[in-house]
Amino acid sequence: MKLDKLTGLMPSRLIWDASHTSVEWLDLSNITFSEPFLNQTIARYLRDEPNHRRVHTNLDVLDHLYQSQPGLEPTGFIFHTQRCGSTLISNALSALPQNIVLSEPRIIAEVLGGNIFGSLDFLAIQADEFWPSSSDLTNHAPKEASRDKIKDLDFRFEETVFAESQKITCLRQIINALGQKRFGWEKNYFIKFSSQHILDFPLIRKAFPYTPCIFLYRDPMEVIVSILKTTWAFDWSINRHQPWIVATVNSLSTQEVEKLSYEEYYCIILAGFFHAALAMAHQGILLLNYSQLPEALWTSIPDYFQLSLTRNEIEKLKECTQYYSKSPEKKALFHNDGHAKKREATELLNLMVDKWLTQLYQRLESTTTDIRVNASYSSLISNPLQK
């Protein structure tokens, strides 16, 4: 296929069949990425454009594009634990027209594949079909009528057949294809990964050794309370019914995982993310606590990513922080409810957080403080290509 036929198209997903893997492309050339997540934007496009343009190609087209039509080099990667301000950051950065900001692209999860988590297909599944809208911590489990649906449907992406070297190559090619300019004025390019991809950091670092990365985290009590009372932790919640996945995070047997309460289950998953963040902390990564937001958006984050912001751009960033980050309409005003979340924690949750997370969180806080004291943000990255 001639590359000019892909102008304006974006790779949206990988398709596996018995013989090979192909790439599906969608014509998003005139689409504004206004939703908090790329999958929501694609879902809107598919819904509003019934005659949408869809193209399938072989994987080798990605390599041809990579070799002959380089996109923007990634300015930065955003990793996070969930419920810690990462969507606030991606929303704010996307408010500036010179930035390409892609939040948790499905196709990247497909390329990485094979880690301990599956992911939902956001294009087909609506959260409310499976989860209650309740702020009651005692009612955080799926509706009884939905449990069988969850077990019957296969939410896991196909296990990729790529070896590590193939994953690295394909990840570079996919990120290049996603980073093509669509309007001509784009200068910066950010990707927010899904929370579980902190576990894939060693592989991602091999693919992009000099890309600045930040890791967002938060008081674990606030994170777990938020997860227990809302409907956004799709992959965490669905995989509660696939205990063999959780068993791979630690030394627990599948039988032991099956006996876990929801409180302990979520604490174990979050502990895995904290361990991964600590392992990457001294590799030029900027650690940011939720408590440093929103001010970090116009102080340490642009400094670290080497962005020069005008006064008007800073005001635009500040305006974005007034609204709840996961609201596509950006109408719900944000309020910091951290103290309220802690008051809602049950005795069991307090015990589980102390068992699995308190010491890890203290280590993260200590590591973050050491980095602030010993190095400026921009000096955390050492890129010989820039010297």
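From a predicted model like this one, the values you see are computed outputs, not experimental measurements.

### Concerning unusual backbone geometry
Part 1 of the argument: Omega for the peptide link from Leu 293 to Pro 294 comes to 5°, which places this bond in the cis form.
Part 2 of the argument: By the element assignment, Pro 294 lies in the loop between strand S8 (285-289) and helix H13 (300-304).

### Things to note about the nonpolar core
Part 1 of the argument: Counting 81 residues, the largest nonpolar core has Trp 25, Phe 77, Phe 79, Ile 108, Leu 171, Phe 215 and Leu 349 as the members making the most contacts within it.
Part 2 of the argument: Broken down by element, the residue count for this core peaks at 14 residues, all from helix H12 (residues 262-280).

### A few points about the pattern of salt bridges
Part 1 of the argument: Scanning the model with the defined rule gives 12 salt bridges in all.
Part 2 of the argument: Linked through salt bridges whose partners overlap, the residues forming this network are Arg 218, Asp 219, Glu 222 and Lys 342.

### Points about the packing of helix H2 (residues 60-68) against helix H6 (residues 164-178)
Part 1 of the argument: Relative to each other, H2 and H6 sit at 65°, their axes nearing to 9 Å. Here H6 runs roughly perpendicular to H2, going by the angle between their axes. Once H2 is placed against H6, the crossing between them reads as left-handed. Contacts between H2 and H6 involve Leu 62, Asp 63, Leu 65 and Tyr 66 from the first element and Cys 170, Arg 172, Gln 173, Ile 174, Asn 176 and Ala 177 from the second.
Part 2 of the argument: Here the residues of the contact of H2 with H6 are counted per class, giving 6 nonpolar, 2 polar and 2 charged.

### What to know about the pairing of strand S2 (residues 21-27)
A regular strand carries its side chains on alternate faces of the sheet.
Part 1 of the argument: Within S2, 6 of the 7 residues are buried, leaving the element largely enclosed by the surrounding structure.
Part 2 of the argument: Here strand S1 (residues 9-16) runs beside S2; their pairing, made up of 7 bridges, is antiparallel. When the sheet's bridge partners are listed, Trp 16 is paired in S2 with Thr 21.
Part 3 of the argument: Where S2 and strand S3 (residues 54-58) come together, 5 bridges link them in antiparallel fashion. Note on S3: the bridge partner recorded for Val 23 is Thr 57.

Conventions and cut-offs
- Residues numbered from 1 in each chain as written.
- Predicted model: local features only at pLDDT ≥ 70, side-chain atom pairs only at ≥ 80, totals over all residues.
- Heavy atoms only, no water.
- Helix = DSSP H or I, 4+ residues; strand = E, 2+ residues; numbered from the N terminus.
- Core = buried A, V, L, I, M, F, W, Y, C linked by side-chain atoms within 4.5 Å.
- Buried < 20%, exposed > 50% of the residue type's maximum accessible area, 1.4 Å probe, protein only.
- Salt bridge = Lys/Arg side-chain N within 4 Å of Asp/Glu carboxyl O.
- Axes fitted to C-alpha atoms, helices over the stretch in contact; angles between N-to-C directions.
- Parallel < 35°, antiparallel > 145°, perpendicular 65-115°, else oblique.
- Left-handed = near helix turned anticlockwise from the far one by under 90°.
- Contact = heavy atoms within 4.5 Å.
- Nonpolar A, V, L, I, M, F, W, Y, C, P; charged D, E, K, R; others polar.
- Pairing = 2+ DSSP bridges.

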